[in-house]
Amino acid sequence: MLTGAGISAESGIVTFRGAGGLWEGFRPEDLATPAAYARDPEKVWRWYAMRYAQVMVAEPNLAHRLLAELEREKGDDFLLVTQNVDGLHQRAGSRRVIELHGNITRARCERCGHRQKLPPPVEFTPPPVCERCGSRMRPDVVWFGEFLDAGLLASAERAFMTAEVALVIGTSAVVEPAASLGRMARSAGVFLIEVNPETTPLTPLADLSLRDPATKGLEKLLGG
Ligand code: OAD
Ligand code: ZN
């Protein structure tokens, strides 16, 4: 199971690409890269603080809740891999979640690597300072040009290649290496299902493709 920004669209969180997407009007390289942060950390932090505030007022939607329920049914046979940094899957009750791109509600120390939760948005003035060593902290997310955690990626790949069914929901399937998980599953003979209102590079490979928003697609699939 792989989810992308589209699963949180119905919670009011804007996606990165497409009409009204977050990247529209400015280039991702202006904000979500190590170089952008080195050049203008205040600007990058303002953007993340704004998105963090949006995430904290958002609520998980039916699609998040249906996936949490599916995990309770399937137990250890179920793994949720997400590119989202909003934490809505966990707030909906999902337990085994691999966050490939990190989490926007946390910061990571630039010097000692310590991670800590951000204070509530009303009390938060960026940049946060490490409670352990006093250094400046950065958002605990993966930026363009950075590597994903190798262990997490390996676990995700293993799960996708050995699953009975791989379900990919709400991702444009253009950002690597997450985008290749569906492809890898398919070439390993796993039944691939896509839920997305638009076609993506994954659509021609899918055994079943639902042109639906996440909530409706999951209701159809799970008979809810
Ligand atoms: P994108 O914004 O690239 O794609 C969102 C996808 O969701 C599109 O394919 C939409 O068609 C689809 N969508 C829109 N509304 C939907 C709905 N209600 N239900 C289901 N799908 C819907 O988001 P991602 O693919 O997640 O990386 O983007 C991948 C990565 O690009 C992000 O994790 C982020 C960004 O750069 C980092 O921050 C490292
Ligand atoms: Zn530190």
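Each remark here, short or long, concerns the structure printed above.
The structure presented is a predicted model; accordingly, all values stated were derived computationally and were not measured.

A. Structural view of the environment of Leu88. Relative to the helices and strands, Leu88 resides in helix α4 (residues 88-91). For the pair Leu88 and Leu202, spaced 114 residues apart in sequence, the C-alpha separation works out to 24 Å.

B. Representation of the layout of surface pockets within the structure. As a volume, the largest pocket reaches approximately 910 Å³. Around the largest pocket sit 44 residues that line it, and Ala5, Phe16, Arg17, Thr171 and Ser172 are the ones nearest its centre. Per-element accounting of the lining of the largest pocket gives the leading share, 3 residues, to helix α2 (residues 41-57). Grouping the amino acids of the lining of the largest pocket by side-chain chemistry returns 23 nonpolar, 14 polar and 7 charged. Volume-wise, the second largest pocket comes out at about 610 Å³. Asp77, Phe78, Ala163, Glu164 and Val165 are the residues nearest the centre of the second largest pocket, which is lined by 20 residues in total. Secondary-structure elements contributing two or more residues to the lining of the second largest pocket are α3 (62-74), α5 (150-162), β7 (165-169) and α7 (214-222). For the lining of the second largest pocket, the class distribution of residues is 14 nonpolar, 1 polar and 5 charged.

C. Quick peek at the coordination of the zinc ion (ligand 2). Only Cys109 (SG), Cys112 (SG), Cys130 (SG) and Cys133 (SG) from the protein coordinate the zinc ion (ligand 2), and they sit 2.3 to 2.4 Å from it. Because the angles between the 4 donor atoms bound to the zinc ion (ligand 2) fall within 99 to 118°, the donor set is best described as tetrahedral. The motif formed by the donor residues of the zinc ion (ligand 2), counted along the single chain, is C-x2-C-x17-C-x2-C. Of this pair, Cys109 sits in strand β4 (residues 102-109) while Cys130 sits in the loop between β5 (115-117) and β6 (137-141), and the two are 21 residues apart along the sequence. No difference in accessibility class separates Cys109 from Cys130, as the two residues are buried.

D. Quick look at the site of ligand 1. Contacts to ligand 1 come from 22 residues, most closely from Phe16, Arg17, Thr171, Ser172 and Asn196. The contact in question runs from an oxygen atom of ligand 1 to an N or O atom on the side chain of Thr171, over 2.6 Å. Contact distances for ligand 1 include 2.8 Å between a nitrogen atom and a backbone N or O atom of Ala214. Protein chains bury 90% of the 800 Å² of accessible surface belonging to ligand 1 in isolation. Put simply, ligand 1 lies in the largest pocket. Per-class residue counts for the shell around ligand 1 are 10 nonpolar, 9 polar and 3 charged.

E. Region of interest: the side chain of Thr215. Mapped onto the fold, Thr215 is located in helix α7. For Thr215, a relative accessible area of 14% gives the class buried. Beyond its immediate stretch of four places on either side in the chain, Thr215 contacts Glu10, Asn61, Leu62, Ala63 and Leu66.

F. Just the nonpolar core, in detail. Ranked by internal contacts, the top residues of the largest apolar core, which has 24 residues, are Val44, Trp45, Tyr48, Leu118, Phe124 and Trp143. Secondary structure elements with two or more residues in this core: α1 (34-39), α2, β4 and β6. Take this core: its biggest share by element is 7 residues, from α2. Apart from the residues within four sequence positions on either side, Leu118 is in contact with Trp45, Tyr52, Ile104, Thr105, Arg106, Ala107, Phe124 and Pro128. Within the second largest apolar cluster, 20 residues are counted, among which are Phe160, Ala166, Ala179 and Leu192.

G. Examining α5 more closely. With 13 residues, α5 extends 18 Å between its outermost C-alpha atoms, agreeing within 8% with the 18 Å of an ideal straight helix rising 1.5 Å per residue. Of all the positions in α5, only Leu153, Ala156 and Phe160 are classed as buried. Angular distribution of buried residues about the axis of α5 spans 65°; they occupy a single face of the element. Along α5, exposed side chains directed more than 90 degrees from the buried face belong to Ala150, Arg158 and Thr162. In this fold, the buried residues of α5 make contact with β1 (2-3), β2 (80-82), β3 (97-99), β7 and α6 (180-187). Residue Asp149 occupies the N-cap position of α5, its side-chain oxygen lying 3.0 Å from the main-chain nitrogen of Gly151.

Here is what the cut-offs are and how they apply
- Residues numbered from 1 in each chain as written.
- Chains lettered and ligands numbered in written order.
- Predicted model: local features only at pLDDT ≥ 70, side-chain atom pairs only at ≥ 80, totals over all residues.
- Heavy atoms only, no water.
- Helix = DSSP H or I, 4+ residues; strand = E, 2+ residues; numbered from the N terminus.
- 1 Å grid on protein atoms, 1.4 Å probe; cavity = no way out; pocket = protein on both sides within 12 Å on 5 of 7 lines; lining within 4 Å.
- Points joined across faces, edges and corners; volume = space filled by probe spheres on them.
- Nonpolar A, V, L, I, M, F, W, Y, C, P; charged D, E, K, R; others polar.
- Donors = N, O, S within 2.8 Å, 3.2 Å for Na, K, Ca; no water.
- Tetrahedral: all angles 85-135°; square planar, octahedral: opposite > 155°, others 65-115°.
- Buried < 20%, exposed > 50% of the residue type's maximum accessible area, 1.4 Å probe, protein only.
- Near = heavy atom within 4 Å.
- Polar contact = N/O pair within 3.5 Å; in protein donor to acceptor, adjacent residues only side chain to side chain.
- Areas by Shrake-Rupley, 256 points an atom, 1.4 Å probe, with all protein chains shown as cover.
- Sits in = over half its atoms within 2 Å of the grid points.
- Contact = heavy atoms within 4.5 Å.
- Core = buried A, V, L, I, M, F, W, Y, C linked by side-chain atoms within 4.5 Å.
- Expected span 1.5 Å × (residues − 1).
- Arc of directions from axis to C-beta.

Any functional reading would require information that these geometric values do not contain.
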